[in-house]
Amino acid sequence: MNATIDDDDDEEYQDEERGPSKSQLKREKLALQALAERMAGMPRSELERLNLSAATWTALDETSRIKDIRARGRHWKRIANLLEREDMAAVHALVDQAEDRERQAAAHLHALERWRERLIADEEGAMSEFIDECPDVDRQQLRTLIRAAQRDQERGRPDAPRKLFRFLRDSLESSAQT
């Protein structure tokens, strides 16, 4: 009976010595490759806040020249290998900030879209709610744009709804600044 207990302890000890499994290592490599791809799409001005090595900068700069999909896959692996030597906490923080900004921008666009839909649908109270949110809005121009958007939507034209969207965006931005 004592032999089986000792065998279990030996197996646990061996697992600790081995480290992460091949699958775990592969998941980590794939995550680094996805991070490399994400970083290559970010503006250079944001990336300059990181203290990246010259080799990493060179690899990131070469990205735009690589067109072949297989070569690009190899390139992501190369950048991932270089990133392993970098300060990953700073890299993750920068990417997380960029993703947060993108989420906020998408939420803002969705909110504008909902306002436009509500105003075009002539939902009860939508116009007064929008005016409450943007008290300096030109009410006459808003009504004109809503009517034009309603007509164009019936005809299947996108012009007036787009103009209404831009007007709503500009109105909300100007009211947020004041």
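Since the structure is predicted, the reported quantities are computational estimates derived from the model, not experimental observations.

## Structural notes on the overall build of the chain
Then step 1. Helices and strands together make up the secondary structure of the chain, namely 9 helices and 0 strands.
Then step 2. Going from the N terminus to the C terminus, the chain shows its helices and strands as α-α-α-α-α-α-α-α-α.
Then step 3. Over its C-alpha trace the chain gives a radius of gyration of 27 Å, far above what one expects of a compact globule, namely 16 Å for 178 residues.
Then step 4. Summarising its shape, the C-alpha atoms of the chain cover approximately 85 × 50 × 35 Å along the three principal directions.
Then step 5. Counting all 178 residues of the chain, 30% fall into the buried class.
Then step 6. Accessible surface for the chain amounts to roughly 12,400 Å². Of this, 48% is attributable to carbon and sulfur atoms.
Then step 7. Taking the average place of the 31 positive charges on the side chains of the chain and the average place of its 39 negative ones, the gap between the two points comes to 12 Å.

## Things to note about the environment of aspartate 138
Then step 1. As for its position among the elements, aspartate 138 is in the loop between helix H7 (126–133) and helix H8 (139–155).
Then step 2. Here aspartate 138 falls in the partly exposed class, since its relative accessible area comes to 40%.
Then step 3. Residues aspartate 138 and serine 171, 33 residues apart in the sequence, show an inter-C-alpha distance of 8.8 Å.
Then step 4. Looking at aspartate 138, its side chain comes within polar contact range of the main-chain nitrogen of glutamine 140, at 3.3 Å.

## Some thoughts on the packing of aromatic side chains
Then step 1. Under the definition given, this model contains 1 aromatic pair.
Then step 2. Pairing tryptophan 115 with phenylalanine 130 gives two aromatic rings, centres 5.2 Å apart and planes at 75 degrees, and the pair type is edge-to-face. With tryptophan 115 in helix H6 (residues 88–120) and phenylalanine 130 in helix H7, this residue pair connects regions lying 15 residues apart in the sequence. For the pair shown, tryptophan 115 and phenylalanine 130 are each scored as buried.

## Some points on helix H2 (residues 22–40)
Then step 1. Relative to the 27 Å expected for 19 residues at 1.5 Å per residue, H2 spans 27 Å between its end C-alpha atoms, a close match to the ideal helical length.
Then step 2. All of the buried residues along H2 are Leu32, Gln33, Leu35, Ala36 and Met39. When H2 is viewed along its axis, its buried side chains cluster within an angular range of 160 degrees and face the same direction.

## Concerning a positive patch on the surface
Then step 1. Positive charge collects at one region of the surface, where Arg139, Arg143, Arg147, Arg151, Arg155 and Arg157 lie side by side.
Then step 2. With respect to the element layout, arginine 139 can be found in helix H8.

## Side note on the pattern of salt bridges
Then step 1. Here the structure, examined in full by the defined rule, presents 15 salt bridges.
Then step 2. Residues aspartate 100 and arginine 103 are paired through a salt bridge, measuring 2.5 Å at the closest nitrogen-oxygen approach. A residue pair is termed a helical-turn pair when its members lie 3 or 4 positions apart in one helix, as aspartate 100 and arginine 103 do in helix H6 at 3 residues.
Then step 3. The class of arginine 103 is exposed, set by a relative accessible area of 51%.
Then step 4. One salt bridge connects arginine 118 with glutamate 129, and the closest N-O pair in it is separated by 3.1 Å. One end of the pair, arginine 118, is in helix H6; the other, glutamate 129, is in helix H7, with 11 residues separating them in the sequence.
Then step 5. Look at glutamate 129 and you get partly exposed, because its relative accessible area is 38%.
Then step 6. Ionic contacts of the salt-bridge type, sharing partners, join the residues Arg38, Glu99, Asp100, Glu102 and Arg103 into one network.

## Digging into unusual backbone geometry
Then step 1. Phi angles above zero are rare outside glycine, and aspartate 122 is one such case at about 55 degrees.
Then step 2. Within the secondary structure, aspartate 122 is located in the loop between H6 and H7.

## Details of the confidence of the model for the chain
Then step 1. Considering every residue of the chain, the mean pLDDT works out to 86; 90% of them sit at 70 or more.
Then step 2. Model confidence for the chain, summarised as mean pLDDT per element, is weakest for helix H1 (residues 2–18) at 55 and strongest for helix H5 (residues 69–83) at 92.

Here is what the cut-offs are and how they apply
Residues numbered from 1 in each chain as written. Predicted model: local features only at pLDDT ≥ 70, side-chain atom pairs only at ≥ 80, totals over all residues. Heavy atoms only, no water. Helix = DSSP H or I, 4+ residues; strand = E, 2+ residues; numbered from the N terminus. Rg over C-alpha atoms; globule rule 2.2 N^0.38 Å. Buried < 20%, exposed > 50% of the residue type's maximum accessible area, 1.4 Å probe, protein only. Areas by Shrake-Rupley, 256 points an atom, 1.4 Å probe, with all protein chains shown as cover. Lys, Arg positive; Asp, Glu negative; His and termini not counted. Charge placed at Lys NZ, Arg CZ, Asp CG, Glu CD. Polar contact = N/O pair within 3.5 Å; in protein donor to acceptor, adjacent residues only side chain to side chain. Phe/Tyr/Trp six-rings, centres within 6.5 Å; stacked < 30°, edge-to-face > 60°. Expected span 1.5 Å × (residues − 1). Arc of directions from axis to C-beta. Patch = residues over 30% accessible without salt bridge, like charges linked within 9 Å, V, L, I, M, F, W, Y side chains within 5 Å. Salt bridge = Lys/Arg side-chain N within 4 Å of Asp/Glu carboxyl O. pLDDT = per-residue confidence, 0-100.

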